Amino acid sequence: MPLLEVRDLAVAFPTARGTFRAVDGVEMVVEAGEVLCVVGESGSGKSVSMLAAMGLIGWPGRVSAGTLRFDGTDLLTLPPRRRRRLVGRDMAMIFQEPMSSLNPCYPVGWQVGEALRVHHAVPRAEVRGRVVELLGKVGIPAPATRLGAFPHQMSGGMNQRVMIAMAISCNPRLLIADEPTTALDVTIQKQILDLLLGLQRERGMGLVLITHDMGVVAETAQRVQVMYAGQMVEEAPTAELFAAPRHPYTAALLEALPERALGRRRLPTIPGVVPGIADRPGGCLFNPRCRFATPRCLAEVPKLAGPAGRRARCHYPLDAAGRPTGGHPDAAA
Amino acid sequence: MIRFLLRRVALILPTFIGVTLLSFMLIRLVPGDPIEIRFGERGISAERLAELRHEAGFDRPLWRQFVAYEAQVAQGDLGTSVVTHDSVWGEFITLFPATIELSVCAILFAIAIGLPLGVIAAVRRGSVFDYGLMGLSVTGASMPIFWWGLMMILVFSVALGWTPVSGRISDAVYVVPWSGFMLIDAWYSDDAGAVRSALSHLILPTIVLGTIPLATIARMTRSSMLEVLGEDYIRTARAKGLGTLRVVVVHALRNALIPVVTVIGLQVGTLLGGAILTETVFSWPGVGHWLIESIQRRDYPVLQGGTLLVATLVMLVNLGVDLAYGFLNPRIRR
């Protein structure tokens, strides 16, 4: 049984111009003990779909899904009170901005201990000792002296460590990390990533790592999902994705990596931007930026197709040599 | 912290001088001085009037009168009432507990009702409750106190007969004036009905005086809560699996209170201004009532001294509010 199973997830927000589907048709399966990376540009719906899985989409957003299960428990029909017992204990999440994600009014020790107290994870008398142990575990020096520190008295990297301590406090089986290193400088990024992966291996947690850094993906993940404009466009084992991307968007993303563009005078880019609320194209959402787009791409919405775990949302998925297949006019020539 | 305190205290002095200058000049712009008001109707001679004015020093140039008054105040002497010849400080201290009692009840009433209403409106933003409350609070914040007081008396005292019309306690009850706070004195008296009588006298003035602060606090709490509820740390709190109540009260409210406390502090000025009207409408024997009378009698020392004391109080409360920030917000503690 997969740890997290998501099928046909959609998140919609009402706007003045009608309902906007920030996330549409997202699928995801996370097995216990594996690392899954979710990549995509800003605004591609990575965070929103994970927040939806955690039940953190606030009013007025609306979440719908064909399937949303955690360890076999149907989260869609679970009453909110029962669902909150899972959230923060069995499934935890850390966020992008450690500075603003911690409450400025409370000491960090108290904030880390809160989940332990609320979920009755350890007897009350042992909360303090456990918090010290957790802070030490995430690499905070002299943890016992840091219990009373406020977030504004610590650095961003230290605060992110506090966030991680908070998330792992109740021994979650699934940890979702939403761009945990984006707000940190490069040397700290590496430390935080190593810490997360170390904890993941040690505890056998499932880890979903949201990132837009392909370098991070290559180093950490067993499997990758690529998102574009609120849709999952490709999924693949990491090595396969890097070797032979099937969706033109993934291929373009990989081409834009500086280390893959050695010897070229200019770094390749993807022209245009992710379609926003007002300029959604018909057919495939990537068609305005796709170099292989045909009239069919403008008219017909592609479905996820291909073998399980290696699917792509494209009418003409690329072959190993990077040529479009499926009867594309270029391929015939 | 010490530097901050010293800077604030240093600012008090110019404010003092400004307040006395204003009240000194404004009351002298009103036609008629205390001597004229007291003896004018008895038809005394112009010579006698001039003599009395000279004795009181009202014939000296204004600036000399002002300098003399400032010098007197600087020595801690607020002077004596021209009318009663009692010391201004003594009269103020006798009447002040009545005003404090009313103001404290009014602000507690405003906080007790306004804060939860604002929180609920923010949590249920866009709902019928939210719109209804915000509409009502505009009405409440712009309610003229004298009219509102009279309407409350008409409905609850005259038509329904639920509450007394005026005063602090029923004539039928005798209470030893020990602290000056009627509720406390009534509590320590042997009379069982005393507390009930004091409460029934207090309830309408409290509501009338508390209405404007209530509306202001509710609006401020709502907008402050709305802002805080969108913060990242609220998402973190929910990601811990905390219930809505705990997220709102423990994580959001404490942060949202910082601007609300400022507003509550600023309301103290409004409150004392409102107390003057409320005390007049309900014949509440407090400082406001006393100040209004001093204007009618052109009792210069009472008006100037009373205004100065009320201004001091407002400044002290605002200083207290600034200190309360440090408690609420650890970021400015040092």
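Keep in mind that this is a model prediction, so the values were computed, not measured.

Details of the overall build of chain A
For step 1, the next point in the chain: When its secondary structure is counted, chain A shows 13 helices and 13 strands.
For step 2, the next point in the chain: For 333 residues, the compact-globule estimate of 2.2 N^0.38 gives 20 Å, and chain A sits close to it at 21 Å.
For step 3, the next point in the chain: Structurally, chain A occupies a C-alpha span of about 75 × 50 × 40 Å along its principal axes.
For step 4, the next point in the chain: Taking all 333 residues of chain A together, the buried fraction comes to 55%.
For step 5, the next point in the chain: Across chain A, the fraction of contacts at a sequence separation of at least 24, relative to all contacts at a separation of at least 6, is 63%.
For step 6, the next point in the chain: Carbon together with sulfur atoms contributes 54% to the accessible area of chain A, which is approximately 14300 Å² in total.
For step 7, the next point in the chain: Side chains of chain A carry 38 positive and 30 negative charges; the gap between the two charge centres is 4 Å.

Focus on the confidence of the model for chain A
For step 1, the next point in the chain: Confidence along chain A averages 88 in pLDDT terms, with 99% of residues attaining 70 or more.
For step 2, the next point in the chain: The secondary-structure element of chain A with the lowest mean pLDDT is helix H13 (residues 329–332) of chain A, recorded at 68, while strand S3 (residues 35–39) of chain A shows the highest, at 93.

Things to note about the interface of chain B and chain A
A common way to state how big an interface is: give the accessible area lost once the parts meet.
For step 1, the next point in the chain: Contacts between the two partners involve 22 residues from chain B, matched on the other side by 30 residues from chain A.
For step 2, the next point in the chain: Surface buried jointly by chain B and chain A totals about 2400 Å² across both partners, of which 55% is contributed by carbon and sulfur atoms.
For step 3, the next point in the chain: Counting the contacts that link chain B with chain A gives two salt bridges.
For step 4, the next point in the chain: In this structure, Glu 114 of chain A engages Arg 246 of chain B in a salt bridge whose closest nitrogen and oxygen atoms are separated by 2.7 Å.
For step 5, the next point in the chain: There are 12 residue pairs in polar contact (both at pLDDT 80 or more) connecting chain B and chain A.
For step 6, the next point in the chain: At the level of elements, helix H10 (232–239) and helix H11 (244–281) of chain B are the ones that each hand at least two residues to the side of chain B that touches chain A.
For step 7, the next point in the chain: Considered class by class, the residues forming the side of chain B that touches chain A number six nonpolar, six polar and 10 charged.

Concerning the packing of aromatic side chains
For step 1, the next point in the chain: Inspection of every chain in the model, using the stated rule, returns 11 aromatic pairs over all chains.
For step 2, the next point in the chain: On the basis of an interplanar angle of 20° and a centroid distance of 4.3 Å, the ring pair of Tyr 106 of chain A and Trp 110 of chain A is categorised as stacked.
For step 3, the next point in the chain: Residue class for Tyr 106 of chain A comes out buried when judged on its relative accessible area of 11%.
For step 4, the next point in the chain: Here Phe 58 of chain B and Tyr 300 of chain B contribute two aromatic rings whose centre-to-centre distance is 5.3 Å and whose plane-to-plane angle is 70°, an arrangement assigned as edge-to-face. Here the residue Phe 58 of chain B occupies a position in the loop between helix H3 (46–56) and helix H4 (62–74), and Tyr 300 of chain B occupies one in helix H13 (residues 300–328), the gap between them amounting to 242 residues.
For step 5, the next point in the chain: Taken together through their ring pairs, the aromatic side chains of Trp 89, Phe 92, Phe 96 and Trp 290 of chain B make up a single cluster.
For step 6, the next point in the chain: Its guanidinium or amino end placed over the ring of Phe 24 of chain B, Arg 28 of chain B lies 3.7 Å from that ring's centre, counting from NZ or CZ.
For step 7, the next point in the chain: When the ring centre of Tyr 106 of chain A is taken as reference, the NZ or CZ atom of Arg 254 of chain B above it lies at 5.2 Å.

What to know about a nonpolar patch on the surface
For step 1, the next point in the chain: On the surface, a nonpolar cluster with roughly 850 Å² of combined accessible area is contributed by Tyr 174, Val 176, Trp 178, Ile 184, Trp 187 and Tyr 188 of chain B.
For step 2, the next point in the chain: Relative to the helices and strands, Trp 187 of chain B resides in helix H8 (residues 182–188).

Considerations on the side chain of Gln 304 of chain B
Residue and element names in this part refer to chain B.
For step 1, the next point in the chain: Secondary-structure assignment places Gln 304 in helix H13.
For step 2, the next point in the chain: The class for Gln 304 is buried, based on a relative accessible area of 2%.
For step 3, the next point in the chain: Contacts of Gln 304, omitting those with residues within four sequence positions, involve Ser 23, Phe 24, Ile 27, Arg 28 and Tyr 69.

Focus: the pattern of salt bridges
All names here are of chain A.
For step 1, the next point in the chain: One pass over the full model with this rule turns up 25 salt bridges over all chains.
For step 2, the next point in the chain: For Arg 21, the salt bridge is made with Asp 24, and the minimal N-O distance between the two is 3.3 Å.
For step 3, the next point in the chain: For Arg 21, a relative accessible area of 40% translates into the label partly exposed.
For step 4, the next point in the chain: The exposure class of Asp 24 is partly exposed, given its relative accessible area of 25%.
For step 5, the next point in the chain: In this structure, a network of salt bridges that share partners links the residues Glu 5, Arg 7, Glu 27, Glu 235 and Arg 311.

A word on the environment of Pro 80 of chain A
All names here are of chain A.
For step 1, the next point in the chain: Residue position: Pro 80 is located in helix H2 (residues 80–86).
For step 2, the next point in the chain: A residue is classified by how much of its surface remains accessible, and Pro 80, at 57% relative accessible area, is exposed.
For step 3, the next point in the chain: Between the alpha carbons of Pro 80 and Val 273 there is a distance of 37 Å; along the sequence they are 193 residues apart.

Some points on unusual backbone geometry
Residues and elements named next belong to chain A.
For step 1, the next point in the chain: Phi angles above zero are rare outside glycine, and Asn 171 is one such case at about 55°.
For step 2, the next point in the chain: Tracing the backbone through its elements, the reader meets Asn 171 in the loop between helix H7 (156–168) and strand S8 (174–178).
For step 3, the next point in the chain: Taking relative accessible area as the criterion, Asn 171 reaches 46% and is therefore assigned partly exposed.
For step 4, the next point in the chain: Non-glycine residue Ala 229 carries a positive phi angle of around 50°.
For step 5, the next point in the chain: Overall, the relative accessible area of 1% leaves Ala 229 in the buried class.

So, the pairing of S3 of chain A
Residue and element names in this part refer to chain A.
For step 1, the next point in the chain: Taking burial as the measure, the five residues of S3 include five buried ones, the bulk of the element.
For step 2, the next point in the chain: Along S3, one buried face is formed by Val 35, Cys 37 and Val 39 and the opposite face, lined by Leu 36 and Val 38, is buried too.
For step 3, the next point in the chain: Inspection of the sheet shows S3 paired to strand S9 (residues 206–211) by five bridges, in the parallel sense. When the bridges of S9 are listed, Val 35 appears paired with Leu 207.
For step 4, the next point in the chain: Here S3 pairs with strand S10 (residues 223–228) via four bridges, running parallel. Looking at the pairing, Cys 37 lines up with Val 224 of S10.

Details of the nonpolar core
Side chains that are nonpolar tend, in soluble globular proteins, to be buried together.
For step 1, the next point in the chain: Counting 100 residues, the largest nonpolar core has Ile 164 and Leu 174 of chain A as its most contacted members.
For step 2, the next point in the chain: The element that contributes the greatest number of residues to this core is H7 of chain A, accounting for eight residues.
For step 3, the next point in the chain: Once residues within four sequence positions are removed from consideration, Ile 164 of chain A is found in contact with Ile 94, Val 138, Ile 192, Leu 195, Leu 196 and Leu 199 of chain A.
For step 4, the next point in the chain: Core analysis: the second largest hydrophobic core is formed by 28 residues, Phe 24, Ile 27, Leu 272 and Val 302 of chain B among them.

Side note on the environment of Cys 105 of chain A
For step 1, the next point in the chain: Note on placement: Cys 105 of chain A falls in the loop between helix H3 (98–101) and helix H4 (108–118).
For step 2, the next point in the chain: In sequence terms Cys 105 of chain A and Asn 171 of chain A are 66 residues apart; their C-alpha atoms lie 26 Å from each other.

Focus: helix H5 (residues 127–137) of chain A
Residues and elements named next belong to chain A.
For step 1, the next point in the chain: Inspection of H5 places Val 127, Arg 130, Val 131, Leu 134 and Leu 135 among the buried residues, and these make up the whole buried set. Down the axis of H5, the smallest arc covering the buried residues is 135°, so these residues share one side.
For step 2, the next point in the chain: Buried residues along H5 sit against H4, helix H6 (143–146) and H7.
For step 3, the next point in the chain: Trailing H5 by a residue or two, Gly 139 shows a phi angle of about 85°, which is positive.

Reading the values: the criteria
- Residues numbered from 1 in each chain as written.
- Chains lettered and ligands numbered in written order.
- Predicted model: local features only at pLDDT ≥ 70, side-chain atom pairs only at ≥ 80, totals over all residues.
- Heavy atoms only, no water.
- Helix = DSSP H or I, 4+ residues; strand = E, 2+ residues; numbered from the N terminus.
- Rg over C-alpha atoms; globule rule 2.2 N^0.38 Å.
- Buried < 20%, exposed > 50% of the residue type's maximum accessible area, 1.4 Å probe, protein only.
- Contact = heavy atoms within 4.5 Å.
- Areas by Shrake-Rupley, 256 points an atom, 1.4 Å probe, with all protein chains shown as cover.
- Lys, Arg positive; Asp, Glu negative; His and termini not counted.
- Charge placed at Lys NZ, Arg CZ, Asp CG, Glu CD.
- pLDDT = per-residue confidence, 0-100.
- Buried area = accessible area lost by both parts, 1.4 Å probe.
- Salt bridge = Lys/Arg side-chain N within 4 Å of Asp/Glu carboxyl O.
- Polar contact = N/O pair within 3.5 Å; in protein donor to acceptor, adjacent residues only side chain to side chain.
- Nonpolar A, V, L, I, M, F, W, Y, C, P; charged D, E, K, R; others polar.
- Phe/Tyr/Trp six-rings, centres within 6.5 Å; stacked < 30°, edge-to-face > 60°.
- Lys NZ or Arg CZ within 6 Å of the ring centre and 35° of its normal.
- Patch = residues over 30% accessible without salt bridge, like charges linked within 9 Å, V, L, I, M, F, W, Y side chains within 5 Å.
- Pairing = 2+ DSSP bridges.
- Core = buried A, V, L, I, M, F, W, Y, C linked by side-chain atoms within 4.5 Å.
- Arc of directions from axis to C-beta.

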